[in-house]
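Chain residues, written in single-letter form:
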Amino acid sequence: KLKVLGRAGIGVDNIDIDAATNSGIVVMNTPFGNSITTAEHTISLMMSLARNIPQANESTHSKKWEKSKFMGSEIFGKTLGMIGCGNIGSLVAERSLGLKMKVLVYDPFLSDEQVKSIGAKKVDLEELLQVSDFITLHTPLTSETSGILNKDSLFKCKKGVRIINCARGGLIIENDLVNSIKEGHVAGAALDVFSEEPPKNENLFGLSGLILTPHLGASTSEAQVNVAIQVSQQICDYLLNQVIINSINVPP
């Protein structure tokens, strides 16, 4: 009889899938329970980037009044480029369209019709980099997506672009991003995920224009209840009815 391991959330980076498969263990996740929460965090970071909210908050708490220092940018009418558009990405697209942004999507696994049904436009990566005012990432970390934003691709971006990553840390080469911000090509970035967590890359810390949060994408009370209920239900379905839902692997 197969054994089962439940992950209350979507990410399984901390599980050795090969070892589980070889040991006859089914790994299940809950890919939908925290989608809204992560999408909302992405939008929150985009707003924070556009209006320099963390920096202005810190300045005002220091009893300064630096109103002219924190000139922001409207997101109305701006172009949002999305690298990947799955469950979370489609929610971000929906909310961004509600904010009257133009949404472009690079996702080889979605058809033009699927992207159009969201209200967005499918483009290749080159075009997305060249025209986007904001770029968000919503893709798994694979050999194809690892380091998709690097020195070369960041250089191709529109000058003044702002980048948000609530997906996986390895999608961005962190030092390349830091250098692009220091050079003024990238106006700012907001990272909720890192190539190493907690992050130990000293280049990330203390950089103006770089907002860092400690992997808070799924950190709401609602999301934690949702994924706990979902993973418990999935395990019960398996134990009672041998029904496997949202499995990551297929043990022999």
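First things first, this report covers the structure right here in the doc.

Rules used throughout
Residues numbered from 1 in each chain as written. Predicted model: local features only at pLDDT ≥ 70, side-chain atom pairs only at ≥ 80, totals over all residues. Heavy atoms only, no water. Salt bridge = Lys/Arg side-chain N within 4 Å of Asp/Glu carboxyl O. Helix = DSSP H or I, 4+ residues; strand = E, 2+ residues; numbered from the N terminus. Buried < 20%, exposed > 50% of the residue type's maximum accessible area, 1.4 Å probe, protein only. Core = buried A, V, L, I, M, F, W, Y, C linked by side-chain atoms within 4.5 Å. Contact = heavy atoms within 4.5 Å. Disulfide = S-S within 2.5 Å. Pairing = 2+ DSSP bridges. Right-handed = clockwise from strand over helix to strand, strands pointing away.

**Concerning the pattern of salt bridges**
Under the definition given, this model contains 5 salt bridges. One salt bridge connects Glu-126 with Lys-156, and the closest N-O pair in it is separated by 3.5 Å. Of this pair, Glu-126 sits in helix 6 (residues 125-131) while Lys-156 is found in helix 7 (residues 151-156), placing the two residues 30 residues apart along the sequence. Overall, the relative accessible area of 37% leaves Glu-126 in the partly exposed class. Residue Lys-156 is classed as partly exposed on the basis of its relative accessible area, which comes to 39%. We note a salt bridge from Asp-133 to Lys-158, for which the minimum N-O separation is 2.7 Å. Pair noted here: Asp-133 is in the loop between helix 6 and strand 6 (134-137) and Lys-158 is in the loop between helix 7 and strand 7 (161-165), with a separation of 25 residues, a long-range link. Take Asp-133: its relative accessible area is 15%, and that puts it in the buried class. Note on Lys-158: relative accessible area 33%, which makes it partly exposed.

**Describing the nonpolar core**
If you look at the biggest cluster of nonpolar residues, it comprises 27 residues, and the most contacted ones within it are Ile-83, Ile-135, Leu-137, Leu-149, Ile-163 and Leu-177. Of all the secondary-structure elements, those providing two or more residues to this core are helix 6, strand 6, strand 7, helix 8 (174-182) and strand 8 (186-191). Beyond its immediate chain neighbours, meaning those up to four positions away, Ile-83 contacts Tyr-106, Leu-125, Leu-128, Ile-135, Thr-136, Leu-137, His-138, Thr-139, Ile-148 and Leu-149. Judged by nonpolar contacts, the second largest core, of 25 residues, contains Leu-49, Ile-88, Ile-164 and Cys-166.

**Here we look at the state of the cysteines**
Summed over all chains, the structure comprises 0 disulfides. Here Cys-157 stays free of any disulfide, with the sulfur of Cys-166 as its closest cysteine sulfur at 17 Å.

**Here's the deal with the pairing of strand 3 (residues 79-83)**
The buried count for strand 3 comes to 5 of 5 residues, which makes it a mostly enclosed element. In strand 3, alternate side chains face the same way, and those of Thr-79, Gly-81 and Ile-83 on one face and Leu-80 and Met-82 on the other are all buried. For strand 3 and strand 4 (residues 102-106), the ladder comprises 5 bridges, and the chain directions are parallel. By the bridge assignment, Ile-83 is partnered in strand 4 with Tyr-106. On the question of chirality, the crossover connecting strand 3 to the parallel strand 4 by way of helix 4 (residues 87-98) is right-handed.

**Digging into the side chain of Thr-139**
The residue Thr-139 is located in the loop between strand 6 and helix 7 in this model. Relative accessible area serves as the criterion here: at 16%, Thr-139 is assigned to the buried category. In this view, Thr-139 contacts Ile-83, Gly-84, Thr-145, Ala-167, Arg-168 and Leu-171; residues no more than four positions away in its chain are not counted.

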